[in-house]
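Examining the three-dimensional arrangement
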There are 2 protein chains.
Amino acid sequence: MAPKEKATDTASTKVAEALAEAIHEHRIAPGTKLNEDEVGEVFGVSRTVIRAALQQLAHQRLVELKRNRGAFVARPTVKEAREVFEARALLEPTMTRHAAERMTDADVAILQSHIDAEHAALAAGQTGKALQLSGQFHVEVARIADQSTIEEIIAQLVARSSLIIALYWQRRAALCESNAHHALIRALANKDGALAEELMKNHLLDLLTSLDLREQTSAPQSLSEALKA
Amino acid sequence: MAPKEKATDTASTKVAEALAEAIHEHRIAPGTKLNEDEVGEVFGVSRTVIRAALQQLAHQRLVELKRNRGAFVARPTVKEAREVFEARALLEPTMTRHAAERMTDADVAILQSHIDAEHAALAAGQTGKALQLSGQFHVEVARIADQSTIEEIIAQLVARSSLIIALYWQRRAALCESNAHHALIRALANKDGALAEELMKNHLLDLLTSLDLREQTSAPQSLSEALKA
DNA sequence: TGATCCAAAATCGTATACAATATCGTGCAC
DNA sequence: GTGCACGATATTGTATACGATTTTGGATCA
């Protein structure tokens, strides 16, 4: 339960991870300004490390940096949402096929543990946690495919997807995901690359269509941002 | 000719761009340590902005950050080289097809000007510059496809490719590239999506096979690095 | 001679201080 | 009463100072 200390990581990374988790769990609303002094006080560190953390998050597109204005939690547009899933649609099915060809028993166990943890989190009402674990499943597939470069790209896209889902999710069908993952894991365990690829393709499409991507879904968070947009 | 000042960019970005250019043109050898004080003196700024710049470059995988040890120019492995081109192979052909469908006369002109500039640089012996322009061609294709998210990913992959090419290029066939781009531009101008897609796929394969990716091509830059690897 | 340990130097990580810029409120002119 | 200008305030951008960690060199001892 205690956060595992990665001694090799710098302080800014830990802050970035904490902020990312908060953003993914939608505890910080998109568009929120992240004041450096304020955040620094919360984490008990100086602005130096906060700035480094914010820069990391900006590279992941989880926050937006505006010169002399500050950092704001990203508010992915509908277009961006589509683009992220378009990118995933181009990368992940092929990764899944490759993963099926290299699948080991250990890999099956790892993926299964992800699903289990996801179910546990869901049962405990930890929606954010479940979402993160669900995303991690996709990253693991790329890892199994032994494509670390694409794995990183997918990790970033998954992180952005998490924010997108938090924003545009039309509430319903919370566990259909796990079912999709369950079918996927079976195809992967059977080394059925073609089926796994197809399942992943459909899974991503399902995810996309489960979003409400009509233009300007809800009223903008703040009036000021709305008028500037 | 003068570097255009982007007033909206922070100082660290300018330093990062300058360093990136130097790395791409292979004026700084892979594996070279980038001492913060030293680099800071060169650019006449403090370590604060240098650190920010190095962090940006680390995110692009152009430099590697080692805790308490410093920043080193990245030395992509053979595996990483293959992975980068695998990622590009998954993304760019589809982008090319989409670009063909949205191509305007202005876009044709832009792409043509890229090729012309590339030829000019090549004629002037500016190999590094030509390489960069050649890469920019690929980024432009994604822009024309109106996929800014994938455009960013490709931009990053192209940047890494530039370093990879500088490392693993087996000297020969310098201008076959431009020919490939020329054929591509014609297919794009004719809005022949299928042909453009195929040409891009082959072009990327050509690029990959033009590299010498046998294990451990040349002797490592430094003994110390060699022994640690 | 070789290895080991320790101290000194170098370098990175973080905090603080100062400068530049943007934001916001107030007052004045019309 | 409205619009604009200007100064006060807040916030970011950059530089510098200090502490922590690593590296390096030499001295000591087997």
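A few points on the structure.

We now examine the overall build of chain A. Across its full length, chain A carries 10 helices and 3 strands. Ordered by position in the sequence, the α and β elements of chain A form the string α-β-α-α-β-β-α-α-α-α-α-α-α. Buried positions account for 45% of the 229 residues belonging to chain A. Residue pairs in contact within chain A that sit at least 24 positions apart in sequence constitute 74% of those at least 6 positions apart. Put simply, chain A shows about 11,800 Å² of open surface, and 52% of that area lies on carbon and sulfur atoms.

Neighbouring DNA strand D are 18 residues, the closest being A:Arg47, A:Arg51, B:Ser46, B:Thr48 and B:Arg69. Taking the atoms of DNA strand D that fall within 4 Å of the protein, sugar and phosphate contribute 70% of them. The side chain of B:Asn68 places a nitrogen or oxygen atom 3.4 Å from a sugar or linking oxygen of DNA strand D. Residue assignment for the surface near DNA strand D shows that the elements contributing at least two residues are α3 (47-59) of chain A together with α3 (47-59) of chain B. Of the residues forming the surface near DNA strand D, the biggest block, 3 residues, is contributed by α3(B).

In this section: the pattern of salt bridges. All names here are of chain A. For the coordinates displayed, the defined rule picks out 24 salt bridges over all chains. For the salt bridge of glutamate 36 with arginine 51, the shortest nitrogen-to-oxygen distance reads 2.9 Å. Highlighted residues: glutamate 36 in helix α2 (residues 36-43) and arginine 51 in helix α3, separated in sequence by 15 residues. On the basis of relative accessibility, which here comes to 45%, the residue arginine 51 falls in the partly exposed class. One salt bridge connects aspartate 107 with arginine 143, and the closest N-O pair in it is separated by 3.5 Å.

With that settled, consider the protein's contact with DNA strand C. Of all residues adjacent to DNA strand C, which total 18 residues, the nearest are A:Thr10, A:Ser46, A:Thr48, A:Arg69 and B:Arg51. For DNA strand C, the backbone makes up 73% of the atoms found within 4 Å of the protein, where backbone means sugar plus phosphate. Contact between DNA strand C and A:Thr10: a phosphate oxygen at 2.9 Å from a side-chain N or O atom of the residue. Contact distances for DNA strand C include 3.2 Å between a phosphate oxygen and a backbone N or O atom of A:Ala11. Elements with a contribution of two residues or more to the surface near DNA strand C: α3 of chain A together with α3 of chain B.

Time to look at the interface of chain B and chain A. Counting from both sides, the interface comprises 31 residues of chain B and, opposite them, 30 residues of chain A. Approximately 2,300 Å² of surface area, both sides summed, lies buried where chain B meets chain A, with 51% of it carried by carbon and sulfur atoms. The largest contributions to the chain B side of the interface with chain A come from B:Glu83, B:Leu90 and B:Thr149, which together make up 23% of the buried area. Joining chain B to chain A, the criterion identifies 4 salt bridges. With its nearest N and O atoms 3.0 Å apart, the salt bridge here joins B:Arg61 to A:Glu152. One can count 10 residue pairs in polar contact (both at pLDDT 80 or more) joining chain B with chain A. No other element matches the 11 residues that helix α4 (residues 78-102) of chain B contributes to the side of chain B that touches chain A. Split by residue class, the side of chain B that touches chain A holds 11 nonpolar, 10 polar and 10 charged.

What follows covers α4(B). Helix length check: α4(B), at 25 residues, gives a terminal C-alpha distance of 36 Å against a target of 36 Å (1.5 Å per residue), a fit within 8%. Its axis deflected by about 30° at B:Ala89, α4(B) carries its strongest bend there, up to four residues before the proline B:Pro93.

As enumerated under the stated definition, the model contains 0 aromatic pairs over all chains in all. Its end group placed over the ring of A:Phe72, A:Lys66 keeps NZ or CZ at 5.0 Å from the ring centre.

This part covers the relation of the copies chain B and chain A. The two copies are related by a screw operation: chain B maps onto chain A through 180° of rotation and 0.0 Å of translation along the axis, at an RMSD of 0.1 Å. This pairing of chains is accounted for by a two-fold axis. Considering only C-alpha atoms, the part of chain B nearest the rotation axis is B:Leu90, at 3.1 Å. Counting the interface residues of chain B, we find that 97% of their copies in chain A are interface residues as well, pointing to one common contact surface.

Residue and element names in this part refer to chain B. The strand order across the open sheet formed by 3 strands is β1-β3-β2, and the pairing between neighbours is antiparallel. The open sheet has two edge strands with one neighbour each: β1 (33-34) and β2 (63-66). Relative to strand β3 (residues 70-73), β1 is paired through 2 bridges, and the arrangement is antiparallel. Looking at β3, one finds that leucine 34 is bridged to alanine 71.

Here we take up the packing of α4(B) against helix α6 (residues 127-144) of chain B. Residue and element names in this part refer to chain B. Where α4 contacts α6, the two axes come as close as 7 Å, and the packing angle between them is 55°. Overall, the two elements α4 and α6 adopt an arrangement that is oblique. As for how α4 packs across α6, the hand of that crossing is left-handed. Of the residues in α6, those in contact with Arg88, Glu92, Met95, Thr96, Ala99 and Arg102 of α4 are His138, Val141, Ala142 and Ile144. In the contact of α4 with α6, the residues fall into 5 nonpolar, 2 polar and 3 charged.

All names here are of chain B. Strand direction decides the pairing type here: β2 and β3, joined by 4 bridges, are antiparallel. If you follow valine 63 over to β3, its bridge partner there is valine 73. Taking the residues that link successive antiparallel strands as the turn, the β2-β3 hairpin has 3 residues, and the phi of asparagine 68 there is positive, at about 60°.

The topology assignment puts A:His98 in helix α4 (residues 78-102). Other than its neighbours up to four places away in sequence, A:His98 contacts A:Ala145 and B:Glu86.

Rules of the game
Residues numbered from 1 in each chain as written. Chains lettered and ligands numbered in written order. Predicted model: local features only at pLDDT ≥ 70, side-chain atom pairs only at ≥ 80, totals over all residues. Heavy atoms only, no water. Helix = DSSP H or I, 4+ residues; strand = E, 2+ residues; numbered from the N terminus. Buried < 20%, exposed > 50% of the residue type's maximum accessible area, 1.4 Å probe, protein only. Contact = heavy atoms within 4.5 Å. Areas by Shrake-Rupley, 256 points an atom, 1.4 Å probe, with all protein chains shown as cover. Near = heavy atom within 4 Å. Polar contact = N/O pair within 3.5 Å; in protein donor to acceptor, adjacent residues only side chain to side chain. Salt bridge = Lys/Arg side-chain N within 4 Å of Asp/Glu carboxyl O. Buried area = accessible area lost by both parts, 1.4 Å probe. Nonpolar A, V, L, I, M, F, W, Y, C, P; charged D, E, K, R; others polar. Expected span 1.5 Å × (residues − 1). Bend = angle between axes of the 7 residues up to and from the residue. Phe/Tyr/Trp six-rings, centres within 6.5 Å; stacked < 30°, edge-to-face > 60°. Lys NZ or Arg CZ within 6 Å of the ring centre and 35° of its normal. Least-squares fit on C-alpha atoms with pLDDT ≥ 70 in both. Pairing = 2+ DSSP bridges. Axes fitted to C-alpha atoms, helices over the stretch in contact; angles between N-to-C directions. Parallel < 35°, antiparallel > 145°, perpendicular 65-115°, else oblique. Left-handed = near helix turned anticlockwise from the far one by under 90°.

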